[in-house]
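# Topology and contacts: notes
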Amino acid sequence: MNICAPQLAELPPSCSFAVPTPRRQRVLAVGVIGPGRVGSALLEQLRAAQPRLARDSGLELRLCGVVASRRMWLDCDDAELNGRHGGAQIWRPNDLDAFAEHVRGNDGRHALLIDCSANDEVAAHYPRWLAAGLHVVTPNKLAGSGPLPRWQAIRAACASGARFRYEATVCAGLPVVQTLRDLLDTGDELLAVDGMFSGTLAWLCNRHDGRQPFSTLVREAHALGYTEPDPRDDLSGLDVARKLVILAREAGWPLSLEDVDLEGLVPPALAALPLDECMQRLDELDAPMAAKLAEAHAAGGVLRHVARLDRHGRASVRLLVLPATHAFAHTRLTDNIVQFTTRRYCDNPLSVQGPGAGPEVTAAGVFTDLLRIAESLEARA
């Protein structure tokens, strides 16, 4: 069974739908932290959706402020904040606690903070915000894969009734975390999770066919913007390990990053070098990668970078030789794919596949989490 990222088709102008019975208006105060690529895309999506949500769902999204790395601006300073975002009239020094208090207000309203910062210091505030009744949505992997005591504090803080959602931490807008949660909540038993969680490494493995040195492909991916500014951040596999830890914890395993058997592609000789020198010496990757490719060819298979969690909570991330018939051998260049093997889906694993990176799809994953929380909110006077 496959769940693929949907392709949205435009409806012809003549299409019309029955007007739903109006709902009682619900108001959700929203604060956004980190107006970078994902945060900016999200702000545009929120602004574009506001009229439709108010009309069709009785939901008013009220943007109360935005926090950048060193400063913030609030709706009390700029009445046009919803239409302005990037050019507020008055800036204030960054103060996360003051920002959270402003968004929460003192009128008993529903309030939600969205952290698009990828900042560990921001993630450290989550337990306090949740305990105070603020909902939190984030694509920031540092909370779900960070220190286990902090993760446990985040979950305990949700006893206040506040919601914490983080779908976009794994495979951007793909419904991976929600699919796992639905399987477990309906009583299924997880036997294994297998996935290709890195679009960069998927692209490199797909293109690495022996006609070009691996280092040439890494430089090409870097020039195309497929890699992080430092390609070692992708090649190390650490980001993939973070995503696997998030899924393991969702499945009930109290794993930390150090519990993952991680086999990166960066040799120790390159790991500690300055970036410029590392880029000059990328050809040191070629011989070991050529040897792995030869191993795959000899077995009639393909090379793929795979993360795996088994039924005993053992986690690994490494380059594997897979049969040419394997589902991972036929993905599109930068696709992410996750397979859930469960008691129900034991012979034919449940697969989720599609684009797993990019600001628009990541922002859409965050927006989906916001809407799931909003669905559960009662209207307040």
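Quantities reported herein were computed from a predicted structural model and do not represent experimental measurements. Each chain carries its own residue numbering, running from 1 in the direction its sequence is written. It should be noted that, the model being predicted, local features are given only for residues of pLDDT at least 70 and side-chain atom pairs only at 80 or more, the latter also being counted only at that level, while totals for whole chains, interfaces and linings use all residues. Just so you know, side-chain values use all the structure's heavy atoms and leave hydrogens and water out.

### Describing the overall build of the chain
Helix and strand counts for the chain stand at 16 helices and 14 strands. Our radius of gyration looks at C-alpha atoms and nothing else; its globule reference is 2.2 Å times the residue count to the power 0.38. Over its C-alpha trace the chain gives a radius of gyration of 22 Å, about what one expects of a compact globule, namely 21 Å for 381 residues. Dimensions along the principal axes, computed over C-alpha positions, put the chain at roughly 70 × 50 × 50 Å. Relative to its full complement of 381 residues, the chain shows a buried share of 48%. What makes two residues a contact is simply this: any of their non-hydrogen atoms within 4.5 Å. Counting contacts in the chain only where the partners sit at least 6 residues apart, residues at least 24 apart contribute 68% of the total. All accessible areas in this document rest on Shrake-Rupley with a 1.4 Å probe, and a residue is counted as covered only by the protein chains that are shown. Carbon and sulfur atoms make up 52% of the accessible area of the chain, which amounts to about 18,100 Å² in all. Between the mean site of the 40 positive side-chain charges and the mean site of the 46 negative ones, the chain shows a separation of 4 Å. Where helices and strands are cited, they refer to DSSP runs of H or I of at least four residues and of E of at least two residues respectively, numbered from the N terminus. Exposure categories follow from relative accessible area, calculated using a 1.4 Å probe and restricted to protein chains: below 20% of the type maximum is buried, above 50% is exposed, and the middle band is partly exposed. Two residue types count as positive, namely Lys and Arg, and two as negative, namely Asp and Glu; His and chain ends fall outside the count. A single reference atom marks each charge: NZ on Lys, CZ on Arg, CG on Asp, CD on Glu.

### What about the pattern of salt bridges?
Counted as salt bridges are all cases of a side-chain nitrogen of Lys or Arg within 4 Å of a carboxyl oxygen of Asp or Glu. A full pass over the atoms with the stated rule returns 22 salt bridges. Notably, a salt bridge pairs D310 with R314, separated by 2.8 Å at the nearest N-O pair. Residue classification places D310 among the buried residues on the basis of a relative accessible area of 15%. Relative accessible area serves as the criterion here: at 54%, R314 is assigned to the exposed category. Here the salt bridges do not stand alone but share partners, grouping D261, E263, K292 and R318 into one network.

### A closer look at unusual backbone geometry
A positive phi angle is found at A118, which is not glycine, with a value near 55°. Mapped onto the elements, A118 comes out in the loop between strand 6 (110-115) and helix 4 (120-123). The backbone of C171 shows a phi angle near 65°, a positive value even though the residue is not glycine. By the element assignment, C171 lies in the loop between strand 8 (164-165) and helix 8 (176-185). With relative accessibility at 1%, the residue C171 sits in the buried group.

### Details of the sheet that holds strand 2 (residues 26-33)
Here, strands pair whenever DSSP counts at least two bridges between them. Pairing within the open sheet is mixed, and its seven strands lie in the order 5-4-3-2-6-7-8. The open sheet is flanked by strand 5 (92-93) and strand 8, the only strands paired with a single partner. Where strand 6 lies against strand 7 (residues 135-137), three bridges are found, and the strand directions are parallel. When the bridges of strand 7 are listed, L113 appears paired with V136. Helix 3 (residues 96-104) rests against strand 2, strand 3 (59-67), strand 4 (71-74) and strand 6 of the sheet, and its axis sits at about 165° to strand 2. As a rule, the C-alpha atoms of each element are fitted with a line to give its axis, helices using only the stretch in contact, and angles between N-to-C directions run from 0 to 180 degrees.

### Here's the deal with the packing of helix 1 (residues 37-56) against helix 16 (residues 359-375)
Contact geometry of helix 1 with helix 16 gives a least axis separation of 8 Å together with a crossing angle of 50°. With respect to helix 16, the element helix 1 is oriented oblique. In this structure, helix 1 crosses over helix 16, and the sense of that crossing is right-handed. Facing helix 1, whose interface residues are R37, V38, A41, L42, Q45, L46, A49 and L53, helix 16 presents P359, E360, T362, A363, A364, V366, F367, L370 and L371. To sort the angles, those under 35 degrees are grouped as roughly parallel, those over 145 as roughly antiparallel, those from 65 to 115 as roughly perpendicular, and the leftovers as oblique. Each crossing gets its hand from how the near helix is turned against the far one by less than a right angle, where anticlockwise is left-handed and clockwise is right-handed.

### Overview of helix 16
Any helix carries an expected span of 1.5 Å times its number of residues minus one. With 17 residues, helix 16 ought to run about 24 Å at 1.5 Å a step, and its terminal C-alpha atoms sit 24 Å apart, in line with that. Within helix 16, burial applies to T362, A363, G365, V366, F367, D369, L370, I373 and A374. Structurally, helix 16 contributes buried residues whose contacts are with strand 2, helix 1, strand 3, strand 6, strand 7 and strand 8.

### Comments concerning helix 3
Listed as buried for helix 3 are L96, F99, A100 and V103. Seen end-on, helix 3 carries its buried residues on one side only, within an arc spanning 100°. If you check the start of helix 3, you find a side-chain oxygen 3.3 Å away from the backbone N of D97, and it comes from D95. After helix 3 finishes, the residue G105 shows a positive phi value of roughly 70°. Each direction from the helix axis to a C-beta atom contributes to the arc, which is the arc of those directions. Think of a polar contact as two N or O atoms within 3.5 Å of one another; within protein, one of them needs to be a possible hydrogen donor and the other a possible acceptor, and neighboring residues in sequence only count if both atoms come from side chains.

### Quick word on the nonpolar core
Each nonpolar core is a collection of buried residues, namely Ala, Val, Leu, Ile, Met, Phe, Trp, Tyr and Cys, held together in the definition by side-chain atoms within 4.5 Å. Grouped together as the largest cluster of nonpolar side chains are 75 residues, with contacts concentrated most on Y126, W129, F164, V176, F197, L204 and F340. Take this core: its biggest share by element is seven residues, from helix 12 (residues 238-250). Beyond its immediate chain neighbours, meaning those up to four positions away, V176 contacts E167, V170, C171, L247, V338, F340 and V352. Among the nonpolar cores identified, the runner-up in size contains 27 residues, and L28, A41, W73 and L377 belong to it.

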